[in-house]
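# Survey of secondary and tertiary structure
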Amino acid sequence: MKPAFSIIFFTTLAGAAQGLAVTLAVAMLAGAMPQGAAAMLWIATGTLVLALAASFFHLGHPLRAWRAALMWRTSWMSREVIVLPAFIAVTAAWALALTFAAEASVAANVLPWLAIALALLLWYCTAMIYACIRFIQEWAHPLTIVNYLLLGLASGLVAACALAAFAGDATFAAATAKWAIGTTALAWVTRSLALARNARLAPRSTVQSATGIRAPRVVQTSMGMTGGSFNTREFFHGASQRFYRNAKRIFLVLTFAVPIALLAWGLAADSRIACVLAFPLQYAGLIAERWFFFAQARHPQNLYYQTVS
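Report on the accompanying structure.

Each value, and the rule that gives it
- Residues numbered from 1 in each chain as written.
- Predicted model: local features only at pLDDT ≥ 70, side-chain atom pairs only at ≥ 80, totals over all residues.
- Heavy atoms only, no water.
- Helix = DSSP H or I, 4+ residues; strand = E, 2+ residues; numbered from the N terminus.
- Rg over C-alpha atoms; globule rule 2.2 N^0.38 Å.
- Buried < 20%, exposed > 50% of the residue type's maximum accessible area, 1.4 Å probe, protein only.
- Contact = heavy atoms within 4.5 Å.
- Expected span 1.5 Å × (residues − 1).
- Salt bridge = Lys/Arg side-chain N within 4 Å of Asp/Glu carboxyl O.
- Axes fitted to C-alpha atoms, helices over the stretch in contact; angles between N-to-C directions.
- Parallel < 35°, antiparallel > 145°, perpendicular 65-115°, else oblique.
- Left-handed = near helix turned anticlockwise from the far one by under 90°.
- Phe/Tyr/Trp six-rings, centres within 6.5 Å; stacked < 30°, edge-to-face > 60°.
- Lys NZ or Arg CZ within 6 Å of the ring centre and 35° of its normal.
- Polar contact = N/O pair within 3.5 Å; in protein donor to acceptor, adjacent residues only side chain to side chain.
- Disulfide = S-S within 2.5 Å.
- Nonpolar A, V, L, I, M, F, W, Y, C, P; charged D, E, K, R; others polar.

## Section: the overall build of the protein chain
Tallying secondary structure elements over the protein chain gives eleven helices and zero strands in all. For the protein chain, the sequential pattern of α-helices and β-strands runs α-α-α-α-α-α-α-α-α-α-α. Expected size for 309 residues packed as a compact globule is a radius of gyration near 19 Å; at 21 Å, the protein chain falls within 12% of this value. Expressed as lengths along the three principal axes of its C-alpha atoms, the size of the protein chain is roughly 75 × 45 × 30 Å. Sorting the 309 residues of the protein chain into buried and exposed places 48% on the buried side. Taking as baseline every contact in the protein chain between residues at least 6 positions apart, the subset at least 24 positions apart corresponds to 80%.

## Let's talk about helix 5 (residues 142-167)
With 26 residues, helix 5 should reach 38 Å at 1.5 Å per residue; the first-to-last C-alpha distance of 38 Å fits that figure. Two residues or fewer after helix 5 comes Gly168, characterised by a positive phi angle close to 85 degrees.

## Side note on the pattern of salt bridges
With the rule as written, the count across this model stands at three salt bridges. Here Glu138 makes a salt bridge to Arg298, at a shortest N to O gap of 2.8 Å. Taken as a pair, Glu138 in the loop between helix 4 (105-131) and helix 5 and Arg298 in the loop between helix 10 (272-296) and helix 11 (302-305) lie far apart in primary sequence, 160 residues in all. The partner of Glu289 in a salt bridge is Arg191, and the shortest N-O contact between them spans 2.6 Å. With Glu289 in helix 10 and Arg191 in helix 6 (residues 170-199), the pair connects residues that are 98 residues apart, well separated along the chain. Comparing Glu289 with Arg191 shows no difference in burial state: the two are buried.

## Structural notes on the packing of helix 6 against helix 10
The interhelical angle for the contact between helix 6 and helix 10, taken along N-to-C directions, is 20 degrees, at an axis separation of 13 Å. With respect to their mutual orientation, helix 6 and helix 10 come out roughly parallel. The element helix 6 and its partner helix 10 pack so that their crossing is left-handed. Where helix 6 approaches helix 10, its residues Thr184, Arg191, Leu195 and Asn198 are matched on the opposing element by Gln282, Glu289, Phe292, Phe293 and Gln296.

## Description of the packing of aromatic side chains
Geometrically, a pair of aromatic rings is defined through the distance of the ring centres and the angle of the planes. Per the counting criterion, the structure on display carries 14 aromatic pairs. The interplanar angle of 90 degrees and the centroid separation of 5.8 Å between the aromatic rings of Trp139 and Phe294 together place this pair among those described as edge-to-face. With Trp139 in the loop between helix 4 and helix 5 and Phe294 in helix 10, the pair connects residues that are 155 residues apart, well separated along the chain. Owing to a relative accessible area of 6%, Phe294 belongs among the buried residues under this scheme. Residues Phe293 and Phe294 carry aromatic rings whose centres are separated by 5.2 Å and whose planes lie at 80 degrees to one another, so their mutual orientation is edge-to-face. By the burial criterion, Phe293 is buried, and Phe294 matches it. Clustering of aromatic rings is evident, with ring pairs tying together Tyr130, Trp139, Tyr148, Phe293 and Phe294. Positioned above the aromatic ring of Trp76, the side-chain terminus of Arg79 is 4.4 Å from the ring centre. The lysine or arginine in question, Arg290, covers the ring of Tyr148, its NZ or CZ lying 4.4 Å from the ring centre.

## Description of the environment of Phe10
For Phe10, the position within the fold is in helix 1 (residues 5-29). Aside from chain neighbours lying at most four places away, what touches Phe10 is Ala51, Leu52, Ala54, Ser55, Glu80 and Leu84.

## Examining helix 10
In an α-helix, one full turn covers 3.6 residues, which means residues spaced three or four apart are oriented alike. The terminal C-alpha atoms of helix 10, which comprises 25 residues, lie 36 Å apart, in line with the 36 Å expected from a rise of 1.5 Å per residue. One side-chain oxygen at the N-terminal end of helix 10 lies 3.3 Å from the backbone nitrogen of Ala274; it belongs to Ser271.

## Notes on the state of the cysteines
Enumeration according to the criterion identifies zero disulfides in this entry. Of all cysteine sulfurs in the structure, the one in Cys132 sits closest to Cys125, which takes part in no disulfide; the separation is 11 Å. Look at Cys125 and you get buried, because its relative accessible area is 2%. Between Cys275, a free cysteine, and Cys161, which holds the nearest cysteine sulfur, the sulfur-to-sulfur gap is 3.7 Å. Cys275 sits in the buried class, given a relative accessible area of 6%.

## Describing the packing of helix 1 against helix 2 (residues 37-55)
Interaxial distance between helix 1 and helix 2 falls to 8 Å at its minimum, and their mutual angle equals 160 degrees. If you check the angle between helix 1 and helix 2, you find them roughly antiparallel. The element helix 1 and its partner helix 2 pack so that their crossing is left-handed. In contact with Ser6, Phe9, Phe10, Leu13, Ala14, Ala17, Leu20 and Leu24 of helix 1, helix 2 contributes Ala37, Met40, Leu41, Ile43, Ala44, Thr47, Leu48, Leu50, Ala51, Leu52, Ala54 and Ser55. In terms of residue class, the contact of helix 1 with helix 2 is built from 17 nonpolar, three polar and no charged.

Given below as structure tokens:
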């Protein structure tokens, strides 16, 4: 499939912001809020708004985006469109409450629980947009949901650690670093399981059934047309096999190995810079991971076209 960079930025930014909000919610419920918690929540809210803005860039008619919510009974995308603004509203309300030092029970108890519930629901809705497409075998599996949740939570924990280290809150930075290492390692395991599963997949149809040609061996020698079409533009990622393989190596290193190593170093050496560096490097890996997630998916129509040249 062709990766849409607006969706790549949307899913990775929103996932990290959800993870950051969940981290702060759990910390507040546990009575261990960090210094500058309100500022962190504003960052989470701003990141969610930025992610929402990024999602508009792949729309043919952005002004009609509101119509996406109309099919909420049957469409996971419509449900995502409804849940995301609700989650943004909750994080913004929570940030306002903390900014103005409101100690009311609503701010202390209800909003963190709402943030956790809506974050989980948003992860589920986003992942199900892809997991519900049964003919894309690489996506149609529970690991798609698990990986969206764990990668978002891991990046949120790493972001919380980086922000706490930047603010000089060593206690919260150390606590979140430990959780970030464990969550990132778990996400590494589940993403590796998905990669291993997808590598073993075989198309349910054949070239013969796709083309209607019953010869024992069918090989495409040309695209069959003088120019491209919607099918050849939107269902092929267009990258070379070398780029494709390198994207996989890059995301495995940057998303998992590098942040784990940096956070471990930060804990061992009490290094603030190591914790601060972990998030931007992991986010670069998440961009590569999400590109690979889309590029690895093979649409059944590609059995007919096979290649675009």
